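Geometric and topological summary
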Amino acid sequence: MPRPAPRRAAPAVLAALCLAIPACQFDKVAVAAPRREQLVVHAVLNPRAGEVVILVERLLSGRVPVDRKAPFDPGDPVASGAGDPVTGATVVLYAESGDSAYALENATPPVAGAVRADGVYHIGNGPEVQPTLSNPNPPDIRIPIGRGARYRLRVTTADGFTTVTGVTTVPDALPANPDPAIVFNRDQDTLALQWTGGPATRRYAVRVDTPYGLFFLFTDSTSVHLRGTLQNLFAEGFPRAFQPGFDETVSVAAVDGNFFDYYRSRNSPFTGSGLINHLTGGIGLFGSYVPLRTRPLAVTGTRTQPVEGRYTSTAPGAPVLDIWVESRDGGVTRLTGKVTLQGTRGLLGRLAGSRLSLVVLSGWSATDTASVHPGTFAGDSIVLSGVFQGQPPTVFHKT
């Protein structure tokens, strides 16, 4: 599963104001003794994943500068997520059977030009490598992750002064067969999912991958009904979770108590207070997540507005546009849809009077803009600029 959103806290160390202290002398300043650094560890066991990824970083304290405006890079999640990565740590995963595995650090780019990913450690999910004549002492870098099994994680810094430990029991819930993709009309349909529970399950996590980020909730039931009108309360402006024209995925997983407590709690960005933490010696998450259902959706909607429809052009090599109305606010109509030309990508737009602007996305995320095309809409036609580099505006007609 994707990396959980960082739950770091940044303790503020405030200097006393000289004006508040009588006879303050600049050459005699008492400072607090430095505290031992506190580690933040994130790791989630998933029996269906090929590896366990462990993220190790320091609690933000102002010791190092971080760039909070840099784009997030999944290949370098700690540094690009405005974190302070810890390198050289010893990370070990233990099973109840006595087996153990040592994580490999992803500090060296695997190929030329790759991004260095400090603070990211990997353990393979599977049987340990057996000795051979050419490799008589293979490293212990793999361990099977099984449902219903208990595991212990131990992270020790290179200097040996700081150790973080955690324990999790993987839910023994049985995954269902893969679900085929279906067409989902958000104006008419309700998605119903059922699954089978199992021991060591604290809650079931239901998530919808939307263009505006995750919609996420917990339930103690073994079924859920999601209406097409569902709004994403976790996204700015509360857009509807299901966007016509987009390919979205609804998934359900059984999670342990550590995972549930971590994501249902909130923390102060300065002190970390309020976060339910089950680690010893540090803060963060060591939990378990077992995928049970995954339902891909091709989201559509009922077209009733003049601008809605499929548009094509007689210009050679022009894409096909599918457009729906998302919402209206203050005289502006927000549009959603897809563009198809040797593949399909998401499409967002705005219509104010006859003035139109369409944004082609790199994929299916509203934050990944590939190109912006101003234009106009009138009758059953759309005129867009910039479809072809250096060429006149392209005319599209509703089919």
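In this report, we go over the structure that sits alongside the text. Quick caveat: nothing in here was measured; it's all calculated off a predicted structure.

This part takes up the overall build of the protein chain. A tally of helices and strands in the protein chain yields two helices and 25 strands. Taking as baseline every contact in the protein chain between residues at least 6 positions apart, the subset at least 24 positions apart corresponds to 58%. On the protein chain, roughly 21,000 Å² of surface is accessible, and the fraction owed to carbon and sulfur atoms is 54%.

Moving on, we come to the nonpolar core. Core analysis: the largest hydrophobic core is formed by 45 residues, its most contacted members being Ile54, Val91, Leu93, Leu153, Val155 and Phe242. Sorting elements by how many residues they give to this core places strand S17 (residues 282-300) first, with five residues. Contacts of Leu153, omitting those with residues within four sequence positions, involve Val41, Ala43, Ile54, Val91, Val92, Leu93, Val164, Thr165, Gly166 and Phe286. Among the nonpolar cores identified, the runner-up in size contains 17 residues, and Ala318, Ile323, Leu347 and Ile382 belong to it.

We now examine the packing of aromatic side chains. Taken as a whole and assessed by the stated rule, the structure comprises 11 aromatic pairs. For the ring pair Phe216 and Tyr263, a centre distance of 5.9 Å and an interplane angle of 40 degrees mean the geometry is tilted. In this pair, Phe216 is assigned in strand S14 (residues 213-219) and Tyr263 in helix H2 (residues 257-264), connecting sequence segments 47 residues apart. Measuring from centroid to centroid gives 5.5 Å for Phe246 and Trp364, while their planes differ by 65 degrees, and the two rings are edge-to-face. Within this pair, whereas Phe246 is found in the loop between strand S15 (223-227) and strand S16 (247-255), its partner Trp364 is found in the loop between strand S22 (355-361) and strand S23 (369-378), the two being separated by 118 residues in sequence. With a relative accessible area of 0%, Phe246 lands in the buried category. Taken together, Phe216, Phe218, Phe259, Phe260, Tyr262, Tyr263 and Tyr289 form an aromatic cluster joined through their ring pairs.

Our focus in this paragraph is the environment of Ala181. Assignment of secondary structure puts Ala181 in the loop between strand S10 (163-169) and strand S11 (182-185). Here Ala181 falls in the exposed class, since its relative accessible area comes to 59%. Residues Ala181 and Ala298, 117 residues apart in the sequence, show an inter-C-alpha distance of 7.0 Å.

Moving on: the pairing of S22. Among the seven residues of S22, five are classified as buried, and the element is accordingly described as predominantly covered. Pairing analysis gives six bridges linking strand S21 (residues 344-352) to S22, with the strands arranged antiparallel. If you follow Leu347 over to S22, its bridge partner there is Val360. Joining the antiparallel neighbours S21 and S22 is a turn of two residues, in which Gly353 adopts a positive phi near 65 degrees. Across seven bridges, the pairing between S22 and S23 is antiparallel. When the sheet's bridge partners are listed, Leu356 is paired in S23 with Gly375.

It is worth spelling out the side chain of Asp322 at this point. By the secondary structure assignment, Asp322 is in strand S19 (residues 320-329). Assessed through its relative accessible area of 3%, Asp322 is described here as buried. Within polar-contact distance, the side chain of Asp322 engages the side chain of Arg310 at 3.0 Å. With sequence-adjacent residues up to four places away left out, Asp322 is seen in contact with Arg303, Gly309, Arg310, Thr336, Gly337, Lys338 and Leu347.

To continue, consider a nonpolar patch on the surface. Together, Leu233, Phe234 and Phe238 give the surface a local cluster of nonpolar side chains, amounting to about 350 Å² of exposed area. Relative to the elements of secondary structure, Leu233 occurs in the loop between S15 and S16. You can call Leu233 exposed: its relative accessible area is 56%.

It is worth spelling out unusual backbone geometry at this point. Residues other than glycine seldom take positive phi values, yet Phe238 does so here, at roughly 55 degrees. Along the chain, Phe238 turns up in the loop between S15 and S16. Located in the positive-phi region is Gln342, a residue other than glycine, with phi close to 55 degrees.

Here Arg303 shows up in the loop between S17 and strand S18 (309-312). Take Arg303: its relative accessible area is 35%, and that puts it in the partly exposed class. Sequence separation of Arg303 and Trp324 is 21 residues, and the distance between their C-alpha atoms is 6.7 Å. Among all residues touching Arg303, those that are not within four sequence positions of it are Glu308, Gly309, Arg310, Asp322, Ile323 and Trp324. Only 3.5 Å separates the side chain of Arg303 from the backbone oxygen of Gly309, close enough to count as a polar contact.

Basis of the calculations
- Residues numbered from 1 in each chain as written.
- Predicted model: local features only at pLDDT ≥ 70, side-chain atom pairs only at ≥ 80, totals over all residues.
- Heavy atoms only, no water.
- Helix = DSSP H or I, 4+ residues; strand = E, 2+ residues; numbered from the N terminus.
- Contact = heavy atoms within 4.5 Å.
- Areas by Shrake-Rupley, 256 points an atom, 1.4 Å probe, with all protein chains shown as cover.
- Core = buried A, V, L, I, M, F, W, Y, C linked by side-chain atoms within 4.5 Å.
- Buried < 20%, exposed > 50% of the residue type's maximum accessible area, 1.4 Å probe, protein only.
- Phe/Tyr/Trp six-rings, centres within 6.5 Å; stacked < 30°, edge-to-face > 60°.
- Pairing = 2+ DSSP bridges.
- Polar contact = N/O pair within 3.5 Å; in protein donor to acceptor, adjacent residues only side chain to side chain.
- Patch = residues over 30% accessible without salt bridge, like charges linked within 9 Å, V, L, I, M, F, W, Y side chains within 5 Å.
- Salt bridge = Lys/Arg side-chain N within 4 Å of Asp/Glu carboxyl O.

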